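Chain residues, written in single-letter form:
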Amino acid sequence: MTGETATAPNPSAATDAVRRAALLAALDVVNSGPEERFERITRIAREAFGVSGSFLNLAGETHLLLKSQQSGQRFDPLIPLADTFCGRTLAEDGPVLVTDALADPQFADLPMVTGDPNVRFYAGVPLRAGADQLKVGTLCLIDPAPRTLDDADVALLEELGTWAERELAVGADEDRMRAVLAGLTPRDVTVPGYAITGMSVPHGLVSGDFHEWHLADGALYLTVADVMGKGMSAGLLAAGIRGAVLARGAADPVSALAAVEDQVAPELSRAESFSTLFHARLDPASGRLDTVDAGHGLVLQLHADGTETIHRSTDLPLGLHPVGMARAGESLVLEPGDTLIVVSDGALELFDSTLASLSRLGGVYRSAGSAAAFLERVRERAATHDPGDDLTVVVLSRDA
């Protein structure tokens, strides 16, 4: 894919080149190296068509990036755009088929045609991205023997191209999702005599966990939830549940959860998913927490006297709880000097994956000296002991 005589620049083409480069930068795919999501597409293409090489190419301002290449011979991943089949066909709207490049004056002078690897056959489909569907590259096939494709072959190549376009679009979607979900962290609140803090570390780009707290009518409301699965779908479901919880404002926990379940259970069912959730209301004057626990059960109370209590759940998660069956509300008292630690199950994976891990976390908290130091130790543990899941930890403590 390289050498063409320079021609006068086309203003429209030059503008498109700048737009392509900007769009590819926004998609965050140029500098990320090989990615399996693209590699599998080019592997399938090479095997399906029985050709010597298949490539997913991205066109910048002046050079072509071979984002993914499957061939016996490895090529420089960055090639001058004018020296490529793809660069010479950027203006084409649809598939480009070159039965015998040596007999085609548009491509006969390309170094890949006149020299090694002696390309004769080329087929490429455009890859488009952005709101205006700008052509940013190609998915293409090459072979040293002249050949052609029938209509069914072209349709298959176009379908693979559509797959590649959707993978390209994921970059922008993930950026937007990260930005949205980053804004879903709870705001700082001040509750005299108490301190609350927490963190959520996604296993991938976004988290299926969420933690939330807010003040209403003088009470503190705390929620921790864990949607089954990871990634975008879990993150979207978690965002929906969070919104449903916040919409219930100052409702008592049992009533709030019942209304939340009515709203989100159908969506969870359609997604074949479920969510555990712990929701509580703290009365600061008495230290009483009225709670409801939908299958979460990962709540550790560290008492001022050095003992601890693990508060278990007797109910099923959202999306699995029998319709019409009442939720069980519970109460506990946070005495002066007590601390409540609520986690998602990713925290258990930091140790032995059993409920005993909650006690180990409690030991880490007592030795840390402060909630901030404790959360930092949890982060450090996660960095060396990958939990393989989203990780959320919330700490609510009452002054001694």
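Residues numbered from 1 in each chain as written. Predicted model: local features only at pLDDT ≥ 70, side-chain atom pairs only at ≥ 80, totals over all residues. Heavy atoms only, no water.

**Q** Please give an account of the packing of aromatic side chains that cites residues and values.
**A** Each aromatic ring pair is specified by the distance between its two centres and by the angle formed by the two planes. All told, the structure shown has four aromatic pairs when counted by the stated rule. Their ring planes at 85° and their centres at 5.3 Å tell us that Y365 and F374 sit as a pair that is edge-to-face. F374 matches Y365 in its accessibility class, with the two residues each being buried. A cation sits over an aromatic face here: R147 above F121, 5.3 Å from the ring centre. (Phe/Tyr/Trp six-rings, centres within 6.5 Å; stacked < 30°, edge-to-face > 60°. Buried < 20%, exposed > 50% of the residue type's maximum accessible area, 1.4 Å probe, protein only. Lys NZ or Arg CZ within 6 Å of the ring centre and 35° of its normal.)

**Q** So what's going on with the packing of helix 6 (residues 231–247) against helix 7 (residues 253–270)? Residues and values would help.
**A** Any two packed helices are characterised by how steeply their axes cross, that is the angle between the axes, and by the distance between the axes. Two elements in contact, helix 6 and helix 7, have axes whose closest approach is 9 Å; the angle formed by their N-to-C orientations is 165°. In terms of orientation, helix 6 lies roughly antiparallel with respect to helix 7. The interaxial crossing formed by helix 6 with helix 7 has right-handed handedness. Of the residues in helix 7, those touching helix 6 at L237, G240, I241, A244 and V245 are V260, Q263, V264, E267 and L268. Per-class residue counts for the contact of helix 6 with helix 7 are seven nonpolar, two polar and one charged. (Axes fitted to C-alpha atoms, helices over the stretch in contact; angles between N-to-C directions. Helix = DSSP H or I, 4+ residues; strand = E, 2+ residues; numbered from the N terminus. Parallel < 35°, antiparallel > 145°, perpendicular 65-115°, else oblique. Left-handed = near helix turned anticlockwise from the far one by under 90°. Contact = heavy atoms within 4.5 Å. Nonpolar A, V, L, I, M, F, W, Y, C, P; charged D, E, K, R; others polar.)

**Q** Explain empty space enclosed by the protein residue by residue, including any values.
**A** Counting across every chain of the model gives one cavity of 30 Å³ or more. Taken together, V245, A256, L257, V260, L277 and H279 form the lining of the largest cavity. Elements represented by at least two residues in the lining of the largest cavity include exactly helix 7 and strand 10 (275–283). Here the element with the most residues in the lining of the largest cavity is helix 7; it accounts for three residues. When grouped by side-chain class, the residues that make up the lining of the largest cavity number five nonpolar, one polar and no charged. (1 Å grid on protein atoms, 1.4 Å probe; cavity = no way out; pocket = protein on both sides within 12 Å on 5 of 7 lines; lining within 4 Å. Points joined across faces, edges and corners; volume = space filled by probe spheres on them.)

**Q** So what about unusual backbone geometry? Which residues, and what values?
**A** Cis peptide bonds are those with omega within 30 degrees of zero, and the linkage from D116 to P117 qualifies with 15°. Its place among the elements puts P117 in the loop between helix 4 (111–114) and strand 5 (121–129). Phi is positive for D217, which is not a glycine, with a value near 50°. By secondary structure assignment, the location of D217 is in the loop between strand 8 (209–216) and strand 9 (219–227).

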